[in-house]
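Here's the letter readout for the chains.
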Amino acid sequence: MSEQLALGIGPEKSLRFDNFYTIAANRLLVNQLKLQAESEGEQWVLVHGTPESGRSHLLQASCHQAASRGFSASYFPLREFTDANPQALLEGTEQADLLCLDDLDVVIGRPQWEESLFHLYNRALLSGTALLLASRLPAAALACSLPDLHSRLKSFSVYQLTALSEEQRLEALMFRATGLGMELDRDVAEYLYHRAARNLATLFGILDQLDRESLRHQRSLTKPFVKSVLGW
């Protein structure tokens, strides 16, 4: 079945549920998002957590899951559109079966954005569109200046995404490597983890680079090879 992802703003192809490292504390949330994406779960969901917790990954994974089941889905990282006209940007987005809005907290407090989001909610209510929102803060803690929008956001099912511990970040790095078809020994993973910036976006970017170079040179991921590629 071909994916039905709305054009314009689309999710990264590599960000899916099967390569999201899920710890026990986040298992219920991930299961709920899968159900929502397949039109079997809750219609209104807000996920909150720290920037490194994986919010953006899950929203984009939800889009791919919905599309794989024949539903239309669209992803909007609002952080990238703070200077855009929100009315024009969001117009017609309620036509998707699943609409995912990332970085909600970045635009809350801006009157034009809040009004546009309020009207989007009402249009989505009529169209039956499922809304998945992500924010650094839970709905109740968002400093909305529009009371009507605040009350709508508080009606969402709210889930907290638990961030990974240091050990779990290391395991996530090895999990990611396995998903790329790479053999990453723990000692090499620890070497990467302690030499690079310890945020997952940077580490995953390094893995992608190492994957390309290992294929090009037909080399396994040893410490000497990693040192030569990264210049360490």
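Note that this is a predicted model, so its numbers are computed, not measured.

## Notes on the overall build of the protein chain
Okay, so step 1: Regarding its fold elements, the protein chain presents ten helices and six strands.
Okay, so step 2: Taken over the C-alpha trace, the protein chain has a radius of gyration of 19 Å; the compact-globule value for 232 residues is 17 Å, and the two agree within 12%.
Okay, so step 3: Counting over 232 residues, the protein chain shows a buried share of 48%.
Okay, so step 4: Restricting to contacts in the protein chain with at least 6 residues of sequence separation, those with at least 24 account for 75%.
Okay, so step 5: When the accessible surface of the protein chain is split by element, carbon and sulfur atoms take 49% of a total near 11,400 Å².
Okay, so step 6: Charge separation in the protein chain, taken as the distance between the mean sites of 22 positive and 28 negative side-chain charges, equals 6 Å.

## Let's talk about empty space enclosed by the protein
Okay, so step 1: On inspection of all chains with the given rule, the structure shows one cavity of 30 Å³ or more.
Okay, so step 2: One number sums up the size of the largest cavity: a volume of about 100 Å³.
Okay, so step 3: Put simply, the parts of the chain that give the lining of the largest cavity at least two residues each are α5 (111-127), β5 (130-135) and α6 (147-154).
Okay, so step 4: With three residues, the single largest contributor to the lining of the largest cavity is α5.
Okay, so step 5: For the lining of the largest cavity, the class distribution of residues is ten nonpolar, no polar and no charged.

## Some details on the pattern of salt bridges
Okay, so step 1: Applying the stated criterion to the full structure yields nine salt bridges.
Okay, so step 2: Here R169 makes a salt bridge to E52, at a shortest N to O gap of 3.5 Å. On the criterion of sequence distance, the pair formed by R169 in helix α7 (residues 166-179) and E52 in the loop between β2 (44-48) and α2 (55-68) is long-range, its members being 117 residues apart.
Okay, so step 3: For E52, a relative accessible area of 28% translates into the label partly exposed.
Okay, so step 4: Between R186 and E190 there is a salt bridge whose closest N-O contact spans 3.1 Å. Taken together, the residues R186 and E190, both in helix α8 (residues 186-195) and four residues apart, mark about one turn of the helix.
Okay, so step 5: Under the relative-accessibility criterion, R186 is labelled partly exposed at 34%.
Okay, so step 6: The exposure class of E190 is partly exposed, given its relative accessible area of 30%.
Okay, so step 7: Salt bridges linked by common partners bring R55, R79 and D103 together as one network.

Here is what the cut-offs are and how they apply
Residues numbered from 1 in each chain as written. Predicted model: local features only at pLDDT ≥ 70, side-chain atom pairs only at ≥ 80, totals over all residues. Heavy atoms only, no water. Helix = DSSP H or I, 4+ residues; strand = E, 2+ residues; numbered from the N terminus. Rg over C-alpha atoms; globule rule 2.2 N^0.38 Å. Buried < 20%, exposed > 50% of the residue type's maximum accessible area, 1.4 Å probe, protein only. Contact = heavy atoms within 4.5 Å. Areas by Shrake-Rupley, 256 points an atom, 1.4 Å probe, with all protein chains shown as cover. Lys, Arg positive; Asp, Glu negative; His and termini not counted. Charge placed at Lys NZ, Arg CZ, Asp CG, Glu CD. 1 Å grid on protein atoms, 1.4 Å probe; cavity = no way out; pocket = protein on both sides within 12 Å on 5 of 7 lines; lining within 4 Å. Points joined across faces, edges and corners; volume = space filled by probe spheres on them. Nonpolar A, V, L, I, M, F, W, Y, C, P; charged D, E, K, R; others polar. Salt bridge = Lys/Arg side-chain N within 4 Å of Asp/Glu carboxyl O.

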